[in-house]
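Given next are the chains, with one letter for each unit.
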Amino acid sequence: PPSLPPGTSNDLFHVRVGSFNINGKPPRDAEGNLVDIKSWIGSEIRADICAFGFQELDLDSQTLMLNIASPKVAEWVTAISACLPDGVYEKIACTTLVGVVIVVYVKKSLRKRIRNILTGITPTGMLGFGNKGGVGIRFDLDTTGFCFLCAHFAAHQGAVQKRNEDYEAIVQRLQFWSVKDGVLQERSQVFQHDRIFFCGDLNYRIDGDAEKIRKLAALSKHEELHEADQLNTQRKLGAVFRGWEESKILFPPTYKYDTGTNTFDTSPKQRIPAWCDRVLWMSTSGCGITPVDDSYTSHPDIMFSDHKPVSAQFKVSLCSDTDTPVPRPAILLQTQDAANMTSRLQSGLRNFGQSMKSSLGL
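First things first, this report covers the structure right here in the doc. Note that the structure is predicted; figures quoted are calculated from it, not measured.

If you trace the five strands from one edge of the open sheet to the other, you get β5-β6-β7-β10-β11, paired in mixed fashion. The two strands at the open ends of the sheet, each matched to only one other strand, are β5 (114-123) and β11 (277-283). Across the sheet, the mean angle from the axis of one strand to that of its neighbour is 15 degrees, orientation sign disregarded. By the bridge criterion, eight bridges tie β5 to strand β6 (residues 133-141) in an arrangement that is antiparallel. By the bridge assignment, Ile121 is partnered in β6 with Val135.

Here it is, written out as structure tokens:
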């Protein structure tokens, strides 16, 4: 067999990562049936680990104002589970920041090898609101640390710098806390993991003449559009996602569409097509992530949102026993300090949202 890169083991796993801005749409149609998202979930591709991220899962004004988890999360988890084969997968974690959600499933045959499952959130919206920001799930598979992130960055054509700042805020501030009996046992940050995946509506647009971009997009002239893609440009400048990788984009822009169609926005605003929705990855120890050829794609058959969902498949190897582990410093705090550390952000946002609701008479 071919030799593996240094610092990896013989274990090879398939990982599927998907991202979908659902524009506040429910998971059931007018007749009450679950919407068909099988192509995005990958019902024909049996991954060992699946991570699915949502943005704008709930656009209800009170949910946004109060910075609370949406009750619609459970409904969408049900929709995902309905697309997976019965008895094969187990949901190990789900975390949410208002409308930004990530959920991870693993094959039940792997569950006993997975430990230290933790979640984290970082809001980046104006005044600390969670309408924009990032969520994450981390775990250890044997001795290899996995981290899955989902984010929703700032919108609008000219907000490139704010999007870059959103990225930095998430990867620098998002932390995973382990608390036992009121004592903080462990803290890990994003880059203290071996295999890291980042998906979401990153909102980077395509620069240039709007009419020319629409024509090139309609003609599937993707190569010309890649050069003007803001994320590609910013990565080349070293301004964002330094050290991350992304497969070549071979699919049409994922935003913005007339709902129920594959037609780019015909509303009076006529928003410029863009690859807002992306999947990137990083391996911090060894060369442990290999994208599956042509697996990075959008799903034009899913048409109920103004975005198209994207997904990507990877072959991932584990760190070997002799590989130097990524440091994850243990931090012990007093009971009250630990409690404050884990609840300060969420309670502060909740109190602020309640004040705003009261002042607006909601």
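Let us keep going from here.
What follows covers unusual backbone geometry. In the segment running from Tyr255 into Lys256, the intervening peptide bond is cis, with an omega of -10 degrees. Here Lys256 shows up in the loop between α7 (230-236) and β11. Even without being glycine, Asp294 reaches a positive phi, approximately 60 degrees. Among the structural elements, Asp294 can be located in the loop between β12 (289-291) and β13 (297-298).

For the rest of this paragraph, the subject is the pattern of salt bridges. Two side chains bearing opposite charge may form a pair once their charged atoms approach each other closely. The full count for this structure, using the stated rule, is 14 salt bridges. For Glu211, the salt bridge is made with Arg214, and the minimal N-O distance between the two is 3.7 Å. Linking Glu211 with Arg214, this pair stays in helix α5 (residues 210-218), spanning three residues, or about one helical turn. Ionic pairing is found between Arg235 and Glu246, a salt bridge with its closest N-O pair at 4.0 Å. Taken as a pair, Arg235 in helix α7 and Glu246 in the loop between α7 and β11 lie far apart in primary sequence, 11 residues in all. In this structure Arg235 comes out as partly exposed when scored by relative accessible area, which is 24%. The network of salt bridges with shared partners includes Asp229, Arg235, Glu246 and Arg278.

About the thresholds
- Residues numbered from 1 in each chain as written.
- Predicted model: local features only at pLDDT ≥ 70, side-chain atom pairs only at ≥ 80, totals over all residues.
- Heavy atoms only, no water.
- Pairing = 2+ DSSP bridges.
- Helix = DSSP H or I, 4+ residues; strand = E, 2+ residues; numbered from the N terminus.
- Axes fitted to C-alpha atoms, helices over the stretch in contact; angles between N-to-C directions.
- Salt bridge = Lys/Arg side-chain N within 4 Å of Asp/Glu carboxyl O.
- Buried < 20%, exposed > 50% of the residue type's maximum accessible area, 1.4 Å probe, protein only.

Honestly, it's all geometry; don't read function into it.
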